[in-house]
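The lines below spell out each chain.
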Amino acid sequence: MIEFVEVTKQYPGSKVPALNNVSLQIQRGEFVFLVGSSGAGKSTMLRLLFREYLPSSGNILFLGRDSAKMRPRELLKHRRRIGMVFQDFRLLKQKTVFENVAFALEVVGRSPQEIRLEVPIALAEVGLLDRAKAFPGELSGGEQQRVGIARAIVRKPTIILADEPTGNVDPENAWQLMELFTQINRTGTTVIIATHASDVVDRLRKRVIALEKGRIVRDEKRGVYGYES
Amino acid sequence: MIEFVEVTKQYPGSKVPALNNVSLQIQRGEFVFLVGSSGAGKSTMLRLLFREYLPSSGNILFLGRDSAKMRPRELLKHRRRIGMVFQDFRLLKQKTVFENVAFALEVVGRSPQEIRLEVPIALAEVGLLDRAKAFPGELSGGEQQRVGIARAIVRKPTIILADEPTGNVDPENAWQLMELFTQINRTGTTVIIATHASDVVDRLRKRVIALEKGRIVRDEKRGVYGYES
Amino acid sequence: MRRNFWLAMVTASMIAVSIAIFGVFLLLSVNVGQVMQNIAGNVEIAVFLEDRADTNSVLSAIKGLSGVAEYTFVSREQGLLDFGQTLGEKDLFLVLAGENNPLPNMFRVRTLDATLVPAMADALRKVRGVEAVDYGEDLVAQLLNMTRWLNSMFLAISLFLGLGAMLLIVTIIRLSVMARQEEIGVMKYLGASNWYIRLPFILEGATMGLLGSLIATLSLGAVYFRLTSNLQNGVLPFLFRPVTEVAALWPIFAFLLLLGFFLGIIGSLLSVRKYLREVRRTA
Amino acid sequence: MRRNFWLAMVTASMIAVSIAIFGVFLLLSVNVGQVMQNIAGNVEIAVFLEDRADTNSVLSAIKGLSGVAEYTFVSREQGLLDFGQTLGEKDLFLVLAGENNPLPNMFRVRTLDATLVPAMADALRKVRGVEAVDYGEDLVAQLLNMTRWLNSMFLAISLFLGLGAMLLIVTIIRLSVMARQEEIGVMKYLGASNWYIRLPFILEGATMGLLGSLIATLSLGAVYFRLTSNLQNGVLPFLFRPVTEVAALWPIFAFLLLLGFFLGIIGSLLSVRKYLREVRRTA
Ligand SMILES: Nc1ncnc2c1ncn2[C@@H]1O[C@H](COP(=O)(O)OP(=O)(O)OP(=O)(O)O)[C@@H](O)[C@H]1O
Ligand SMILES: Nc1ncnc2c1ncn2[C@@H]1O[C@H](COP(=O)(O)OP(=O)(O)OP(=O)(O)O)[C@@H](O)[C@H]1O
Ligand SMILES: [Mg+2]
Ligand SMILES: [Mg+2]
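> What am I meant to see in the overall build of chain C here?
Tallying secondary structure elements over chain C gives eight helices and four strands in all. Secondary structure elements of chain C, listed N to C terminal, follow the sequence α-β-α-β-α-β-α-β-α-α-α-α. Here chain C holds 283 residues, and 47% of them are scored as buried. If you take every contact in chain C between residues at least 6 apart in sequence, the share linking residues at least 24 apart comes to 84%. As displayed, chain C has an accessible area near 14600 Å², and 63% of this comes from carbon and sulfur atoms.

Written out as structure tokens, the structure reads:
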């Protein structure tokens, strides 16, 4: 489904590449943890997948299609297939929690009935149904993060890209959210999560891709967070 | 040094108080972890300490002085004593990493020489000396978080309030940062950290104040994150 | 929401101000043009005949010239009467009647175009039986000069202001779009089509533009008609009477209205474009 | 940085435009005021004497009236000469000389103030030996009416625009401060004193205000002097000559300059204030 072919991403103005000659394949329906220390290139990789950026060299293929060659309509379709959880949330301050989640549906032209039905379900899944009328500025950090997750899953995407989705959440909540992701994964959705939650990674035993300074240093089918195990 | 007397904080428009009748004392030089699930009131407590908000009822005393009675000059002095790490970083996008950290010194009128000396030390302590010229937008999530920490410690404050300072950072980096905080604490600085990093809390064995729905449910001298231990 | 509304009001009023100023100078230019036409249509060449000249031969000479719009014969008796009337003391001139009449017979000639006057006067001087030709050389030359100068200045100013207004409007809309830059980014990432993102901005721009120019044209129109009706019945000599026919003015007001409307739309399109752009390989 | 610079330029040019417009109407108002003064200073009452009237007794009657600024005696001979000159045909009137002269002796009287004219005319009519009094009732009344109306309209517009300009400037500065709202918040949390935070905004506001009003006054001045020097040598009747003395104009330009400067400062202070406020117990 997804293929990186010798992908290098060098940000303009920086000397070392954020991703360095990375090649990998991810099949439809896989559950992948992206791990690595701060600045290793995890977010960069997700942003390339999302086609927020294009690689400096190399190619990224989605269903055999080169991301660099996507035309505007294809790009739309591509982004609509993806549910993205941003590391910095990217919620709209002027919209309520409900509206923020509903926005993901409105934007692709879903009907008001569907929106009234789907949004509460997504909010309930992240445990925020009672905060639906609040604005992001009135939420705690972890609550905002969970709104971002609700927004990503509400469209029932075929791929979920989640960047540090449990960084602001207590371990118990983190477990529940991971539970949610594995559950969504079981319905056939590809899930790729960049995370530092070592205990979660260690216990779930999913595919782990470890990055270090922009290179893949480990790619294991049933991996763990660190080298220790 | 710090005393909460039956403090309740109810945000306007919300039905349940974020902090509910909280009383506690923190002595000079203590190292305190604030734990609790998402939305328990940790950030609220830190913001009250920082006097970003005033309590809805009850009193907060700093060195015997009521926060509600602080006059503008006192408030300035109060904030200058505190090094605050915000959960959402609050870096200035148009300033470089160096300038962001230097800003904390400029604002209190430190000399350019001092700034040139102190800023690199702080940046080195969070491991970001080589990213000094980058803008926040060019940093990874964890790197931004560490800039926020460098900015909080560069002024050598008498109190450090850190809200989830390791949420976007890998476990190894998290340990180094906690090491940094304990080291600063050893020089007499009061450190109060709101965190979800259960393993760190469990291993350091410092004072732990656990919140649940705005109430203190546990306050132990050498506590752990969860109830299990 | 409230902030956006406030911003939109500011934008609309800025558009109103810019368009009103632009309109003021357009109206000034139109009026100066009118003055020029008035002058052109009112320059008369007075052709004084010799005492014993053959009126008919002079008449046919005048008819033979090209560029003549109109001519009237004024007998010396009629001339004296007119003169007396102009001075308002009729009986004063009775003594001058008959043999005492010091005035000659004359023709008044109007040309099709004020610029033809000097050449025409020269031609008439050469006609047999014409004693003198007079058309107030200095006055005509000065008036034409001044109005030409004013007209080109007002046109230049209104072009300049029109351009300025355009830039201003685009800039303000850009500010308002900038304030919602984050929102656009999020929409883009959620897979909204470019038209979906643009539409509200275009609607907003069009509304603000139309609202602004409506305010501008209405208040401009009100002030203009109030002003001109006062001047019309006032003391200005005929030449300087302002343009008041609705037929001549409505295209200007319609133009201003459409201008605001389209500027609003174009401004929005231009402002949003930047944030819709996808990244290139380099970035 | 670059974005702030651009925003500052926009602000400065907006200030320039607002102040220039305000200035245009101030200048218009000043000029209309001047026209009113001209009229006041030029209304003449023509006092025609009876053929056998005692000139000296009329003279002392005129001297006895209050509000008289100036008077001249015009003998019937002088009157005929003047009249001939006005019409441009001197010899035509030689026949009217001596016994044939139909004109009476007269005085020309000027009042201190145009508004005194009607009452003065009535008083003069009652003087023994005065046959008729004339001062072009309609013309004066109309002119005064019109200029009074224009003057109050221009003043109203310029006050209105001045207020509008103030709001505009404050609004734009507020937008620019809003764009840096986050920065202000961070500064506050870092313990910067309020003056430390305000200062750059005040400097920026003052610079933009001064720059904007400098542009405005310079271009306004250039256009105005260009325009008036052309009109001065032009065809406008004396009454409508524009004000050109630098002594009368510099206070206006200085006022506009200071206006921009202070509006910049006040706008900044007002705009920043909101973000400096600390929270109350309720929030
Ligand atoms: N826009 C940018 N311009 C320049 N450099 C950038 C930019 N974005 C990221 N970088 C750099 O690229 C490297 C990889 O960043 P990335 O965000 O992918 O790290 P990460 O693995 O997500 O780290 P974290 O766990 O801290 O979020 C970092 O060194 C970062 O400083
Ligand atoms: N400005 C606000 N207005 C209204 N409600 C608020 C506001 N800020 C926080 N809250 C609510 O108060 C409660 C406590 O929030 P707080 O930010 O203190 O939680 P927290 O313990 O820091 O959680 P987290 O671990 O997710 O950051 C939450 O339910 C939150 O929704
Ligand atoms: Mg990242
Ligand atoms: Mg929090």
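> Please explain a negative patch on the surface as it appears in this structure.
A cluster of acidic side chains, namely A:Asp199, A:Asp202, B:Asp199 and B:Asp202, defines a negative patch on the protein surface. Contributions of two or more residues to the negative patch are made by α7 (198-204) of chain A together with α7 (198-204) of chain B.

> Explain the coordination of the magnesium ion (ligand 3) here, please?
When a metal carries six donors in an octahedron, the ideal angles between them are 90 or 180 degrees, while four donors in a tetrahedron ideally lie at 109.5 degrees. Around the magnesium ion (ligand 3), the protein supplies A:Ser43 (OG) and A:Gln87 (OE1) as donor atoms, at distances of 1.8 to 2.3 Å. Of this pair, A:Ser43 sits in helix α1 (residues 42-49) while A:Gln87 sits in the loop between β6 (82-85) and α3 (97-106), and the two are 44 residues apart along the sequence.

> What exactly am I supposed to notice about the site of ligand 1 here?
For ligand 1, the set of nearby residues contains 20 residues, the closest of which are A:Ser43, A:Thr44, B:Arg131, B:Ser140 and B:Glu143. One chain alone does not account for the residues near ligand 1; they come from chains A and B. Separating an oxygen atom of ligand 1 from a backbone N or O atom of A:Ala40 is a distance of 3.2 Å. The separation between a nitrogen atom of ligand 1 and a polar main-chain atom of B:Glu138 is 3.0 Å. Taken by itself ligand 1 offers 630 Å² of open surface, and the protein chains cover 92% of this. Class assignment of the residues belonging to the shell around ligand 1 gives a composition of four nonpolar, twelve polar and four charged.

> Could you clarify how one ought to interpret the confidence of the model for chain A in this entry?
Should the pLDDT be low somewhere, the predicted coordinates at that spot are not to be read in detail. Counting all residues, the mean pLDDT for chain A is 93, and 99% of those residues have values of 70 or more. The least confident element of chain A, judged by mean pLDDT, is α7(A) at 91; the most confident is strand β8 (residues 190-194) of chain A at 97.

> I tried to follow the environment of D:Leu259 on my own but got confused; where do I start?
All names here are of chain D. Turning to its location among the elements, Leu 259 is positioned in helix α8 (residues 246-276). A residue is classified by how much of its surface remains accessible, and Leu 259, at 18% relative accessible area, is buried. Distance in space between the C-alpha atoms of Leu 259 and Ala 16 is 11 Å, their sequence separation being 243 residues. Not counting chain neighbours up to four residues away, the residues in contact with Leu 259 comprise Ile 19 and Phe 22.

> Would you mind showing me how to read the pairing of β8(A) here?
Successive residues of a regular strand alternate their side chains across the two faces of the sheet. All names here are of chain A. Across the five residues that make up β8, a large majority, five, are buried. Because side chains alternate across β8, one face comprises the buried residues Thr 190, Ile 192 and Ala 194, and the other comprises Val 191 and Ile 193, equally buried. The pairing of strand β7 (residues 159-163) with β8 spans five bridges and is classified as parallel. The residue of β8 that forms the bridge with Ile 159 is Thr 190.

> I tried to follow unusual backbone geometry on my own but got confused; where do I start?
A negative phi angle is the norm for most residues apart from glycine, just as the trans form is the norm for most peptide bonds. Residue and element names in this part refer to chain A. The backbone of Glu 6 shows a phi angle near 45°, a positive value even though the residue is not glycine. Among the structural elements, Glu 6 can be located in strand β1 (residues 2-9). Of note, Arg 205 is a non-glycine position whose phi angle comes to about 60°, a positive value. You can see Arg 205 is positioned in the loop between α7 and β9 (207-212). Residue classification places Arg 205 among the partly exposed residues on the basis of a relative accessible area of 32%.

> How should the interface of chain B and chain D be read in this particular structure?
The figure often quoted for interface size is the accessible area lost as the parts come together. On the chain D side, the residues contacting the 31 residues of chain B number 17 residues. For the pairing of chain B and chain D, the buried interface totals around 2100 Å² over both sides, and the portion due to carbon and sulfur atoms is 55%. The three residues of chain B that bury the most area against chain D are B:Arg79, B:Phe103 and B:Val107, which together make up 23% of that side's buried surface. Taking the shortest distance from any N to any O, the salt bridge between B:Lys93 and D:Glu182 comes out at 3.2 Å. Linking chain B to chain D there are five residue pairs in polar contact (both at pLDDT 80 or more). Mapped by element, the contributors of at least two residues to the side of chain B that touches chain D are β4 (57-62), α2 (72-81) and α3 (97-106) of chain B.

> Looking at this structure, how should I read the site of ligand 2?
The immediate surroundings of ligand 2 are formed by 21 residues, with A:Arg131, A:Ser140, A:Glu143, B:Ser43 and B:Thr44 found nearest. More than one chain lines the surroundings of ligand 2; the residues nearby belong to chains A and B. Within the side chain of A:Ser140, an N or O atom sits 2.6 Å from an oxygen atom of ligand 2. At a separation of 2.9 Å, an oxygen atom of ligand 2 approaches a polar side-chain atom of B:Gln87. For ligand 2, the protein covers 92% of the area, taking 640 Å² as the surface of the free molecule.

> Would you mind going over the sheet that holds strand β5 (residues 65-66) of chain B with me for this structure?
Within a sheet, neighbouring strands are paired by backbone hydrogen bonds and run either parallel or antiparallel to one another. Residues and elements named next belong to chain B. Spatial strand order, β2-β1-β4-β5: four strands in an open sheet with antiparallel pairing. Strands with a single pairing partner mark the edges of an open sheet, and in this sheet they are β2 (19-26) and β5. Across two bridges, the pairing between β4 and β5 is antiparallel. Directly across from Phe 62, in β5, lies its bridge partner Arg 65. Its contacts with the sheet put helix α1 (residues 42-49) on β1 (2-9), β2 and β4, and the angle it makes with β1 is roughly 120°.

> Got a minute to help me understand the nonpolar core in this structure?
Soluble globular proteins tend to bury their nonpolar side chains together. Residues A:Phe33, A:Phe181, B:Phe33 and B:Phe181 are the most contacted members of the largest nonpolar core, which totals 159 residues. Setting aside residues no more than four positions away along its own chain, B:Phe33 makes contact with B:Met178, B:Ile193, B:Thr195, B:Val200, B:Val201, B:Leu204, B:Lys206, B:Arg207, B:Val208 and B:Ile209.

> Got a minute to help me understand the interface of chain A and chain C in this structure?
Tallying the contact residues gives 30 residues for chain A and 17 residues for chain C. Counting the surface lost from both chain A and chain C, the interface buries some 2100 Å², and carbon and sulfur atoms represent 55% of this. Taken as a group, A:Arg79, A:Phe103 and A:Val107 account for 22% of the area that chain A buries against chain C, more than any other trio of residues on that side. Linking chain A with chain C are one salt bridge, by the criterion used here. Elements supplying a minimum of two residues to the side of chain A that touches chain C: β4 (57-62), α2 (72-81) and α3 of chain A. The element contributing the most residues to the side of chain A that touches chain C is α2(A), with four residues. Split into classes, the residues belonging to the side of chain A that touches chain C amount to 15 nonpolar, four polar and eleven charged.

> Would you explain the sheet that holds strand β4 (residues 130-134) of chain C in this entry?
Residues and elements named next belong to chain C. Taken together, the four strands give an open sheet; going across it, the order is β2-β3-β1-β4, and neighbouring strands pair in antiparallel fashion. Of all the strands in the sheet, just β2 (68-74) and β4 have a single pairing partner and so form its edges. Neighbouring strand axes in the sheet, compared pairwise and without regard to direction, differ in orientation by 20° on average. Direction of pairing for β2 relative to strand β3 (residues 106-111): antiparallel, over a ladder of six bridges. The residue bridging Val 74 from the neighbouring strand is Met 106, located in β3.

> Honestly, the pairing of β1(B) in this entry has me stumped. Any pointers?
Residues and elements named next belong to chain B. The pairing of β1 with β2 spans five bridges and is classified as antiparallel. Within β2, the residue paired with Phe 4 across the bridge is Leu 24. Two elements, β1 and β4, share five bridges in a ladder whose sense is antiparallel. Within β4, the residue paired with Glu 3 across the bridge is Leu 61.

Thresholds applied
- Residues numbered from 1 in each chain as written.
- Chains lettered and ligands numbered in written order.
- Predicted model: local features only at pLDDT ≥ 70, side-chain atom pairs only at ≥ 80, totals over all residues.
- Heavy atoms only, no water.
- Helix = DSSP H or I, 4+ residues; strand = E, 2+ residues; numbered from the N terminus.
- Buried < 20%, exposed > 50% of the residue type's maximum accessible area, 1.4 Å probe, protein only.
- Contact = heavy atoms within 4.5 Å.
- Areas by Shrake-Rupley, 256 points an atom, 1.4 Å probe, with all protein chains shown as cover.
- Patch = residues over 30% accessible without salt bridge, like charges linked within 9 Å, V, L, I, M, F, W, Y side chains within 5 Å.
- Salt bridge = Lys/Arg side-chain N within 4 Å of Asp/Glu carboxyl O.
- Lys, Arg positive; Asp, Glu negative; His and termini not counted.
- Charge placed at Lys NZ, Arg CZ, Asp CG, Glu CD.
- Donors = N, O, S within 2.8 Å, 3.2 Å for Na, K, Ca; no water.
- Near = heavy atom within 4 Å.
- Polar contact = N/O pair within 3.5 Å; in protein donor to acceptor, adjacent residues only side chain to side chain.
- Nonpolar A, V, L, I, M, F, W, Y, C, P; charged D, E, K, R; others polar.
- pLDDT = per-residue confidence, 0-100.
- Pairing = 2+ DSSP bridges.
- Buried area = accessible area lost by both parts, 1.4 Å probe.
- Axes fitted to C-alpha atoms, helices over the stretch in contact; angles between N-to-C directions.
- Core = buried A, V, L, I, M, F, W, Y, C linked by side-chain atoms within 4.5 Å.

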